Amino acid sequence: MDKVLFPKMILDALATVTYAGTKKNLIESEMVADTPAVAAPAKEGDPWKVKVVLTFPRDTDPFLKSTVKATEAAIKYHCGQEVEVTIETEFKTAPRPEVGQMLPDVKNIIAVSSGKGGVGKSTISANLAIALARLGYKVGLLDTDIFGPSMPKMFNVEDERPYAIKKDGRDLIVPVEQYGVKLLSIGFFVSPTTATLWRGGMATSALKQLIADADLTLLQTLPITGAVIVSTPQQVALADARKGIDMYRNEKVNVPILGLIENMAWFTPAELPENRYYIFGKEGCKQLAEEMQVPLLAQIPLVQSICDNGDAGTPAALSSETATGLAFINLAQAVVTVTNRRNKEQPETKIVGMHP
């Protein structure tokens, strides 16, 4: 080509490209990271070479591809189709950590799981987290219930709204802290009085964002230290708990079972604290624990005060002066014991591979 290219010519071309995210051109949007690089042909017949570095807000920018194509087209239109154009991209927000590397400073990640709903997994999770915090451990609790998140209510923080801070180039969600526990829940981002009618894909996407942007998470994202299985003593719940144990023990999952928790083990009325009524069956989880060769970590009674405390946002574990509060403190100590034993005797858990 006859003419000589200068960086100013490239900048003029970039000024004709509109970035849809701001409705302004690339120059006005301050997206040109540095002065465009222009290299003359090494020998006759070779093309001029132009390199432009564009800065986007994030690596998931929906306008990235279209903007890059428009930039290349604008340079060729203004400077000649024979120009060899290279567009490089960088991001104001650093990309999320790779799978398996999100929580390098977290020692143990424990999944509280159940084979079926209605067995009190949320109640156990809340009280276990608080009890661990009371024992002096740093605890975070991630409420992964997309359709019925209850942790904001149980922790009396329904009106709280997490905010984001910038750290190491990333926008991270700051968990709500209550009772010594750092808490994140989908419930903070939806109306507590409106049903969350999300389809599977939307639910999955929301959970992934909550996990990744909060630096917290699950089987295909982080290596789980171990799982505790919650069940009631009735046979229907035990059958599902057995399936849950088998799932974790599957060779493709291979997450250690730390133990079983029998919830609603018996009913004790407040006026008769020494009485036990086995409404859902007697010692079903104890029998299952023996069968599956896992520890029985605790038997938590069905007591009205546990329900009342949960509804009031003051979980029973906040007080060790009551029988129920002491039961959760003992549960936390048992979880610490089995977790330490697991870490001493077994290798680190590998994250579950994602296969088509």
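In the block above lies the structure referred to throughout.
Here the structure is a predicted model, which is why all the values come from computation and not from measurement. (Residues numbered from 1 in each chain as written. Predicted model: local features only at pLDDT ≥ 70, side-chain atom pairs only at ≥ 80, totals over all residues. Heavy atoms only, no water.)

A. Representation of the overall build of the protein chain within the structure. Across its full length, the protein chain carries nine helices and 14 strands. About 19,700 Å² of surface is accessible on the protein chain, with carbon and sulfur atoms providing 51% of the total. (Helix = DSSP H or I, 4+ residues; strand = E, 2+ residues; numbered from the N terminus. Areas by Shrake-Rupley, 256 points an atom, 1.4 Å probe, with all protein chains shown as cover.)

B. Spatial organisation of the packing of helix 3 (residues 121-134) against helix 9 (residues 323-345). Running from N to C, helix 3 and helix 9 point in directions that differ by 75°, and their axes come no closer than 8 Å. Taken together, the axis directions place helix 3 and helix 9 in an arrangement best described as roughly perpendicular. Contact residues: Ile124, Asn127, Leu128, Ala131, Leu132 and Arg134 in helix 3; Phe328, Ile329, Leu331, Ala332, Val335 and Val336 in helix 9. Across the contact of helix 3 with helix 9, the residue classes tally to 10 nonpolar, one polar and one charged. (Axes fitted to C-alpha atoms, helices over the stretch in contact; angles between N-to-C directions. Parallel < 35°, antiparallel > 145°, perpendicular 65-115°, else oblique. Contact = heavy atoms within 4.5 Å. Nonpolar A, V, L, I, M, F, W, Y, C, P; charged D, E, K, R; others polar.)

C. Main features of the packing of aromatic side chains. If you walk through the whole model with that rule in mind, you get five aromatic pairs. The interplanar angle of 40° and the centroid separation of 6.4 Å between the aromatic rings of phenylalanine 267 and tyrosine 277 together place this pair among those described as tilted. Here the residue phenylalanine 267 occupies a position in strand 13 (residues 257-267), and tyrosine 277 occupies one in the loop between strand 13 and helix 7 (284-292), the gap between them amounting to 10 residues. A residue is classified by how much of its surface remains accessible, and tyrosine 277, at 38% relative accessible area, is partly exposed. Here the aromatic residues Tyr19, Phe56 and Phe63 are joined through ring pairs into a cluster of three or more. Between arginine 276 and the ring centre of tryptophan 266, over which it is positioned, the NZ or CZ distance is 3.7 Å. (Phe/Tyr/Trp six-rings, centres within 6.5 Å; stacked < 30°, edge-to-face > 60°. Buried < 20%, exposed > 50% of the residue type's maximum accessible area, 1.4 Å probe, protein only. Lys NZ or Arg CZ within 6 Å of the ring centre and 35° of its normal.)

D. How the structure looks around the side chain of asparagine 127. You can see asparagine 127 is positioned in helix 3. For asparagine 127, a relative accessible area of 2% corresponds to the buried category. Engagement of the side chain of asparagine 127 in a polar contact is seen with the backbone nitrogen of alanine 317, the distance being 2.8 Å. In this structure, asparagine 127 is in contact with Pro315, Ala316, Ala317 and Phe328, ignoring residues within four places of it in sequence. (Polar contact = N/O pair within 3.5 Å; in protein donor to acceptor, adjacent residues only side chain to side chain.)

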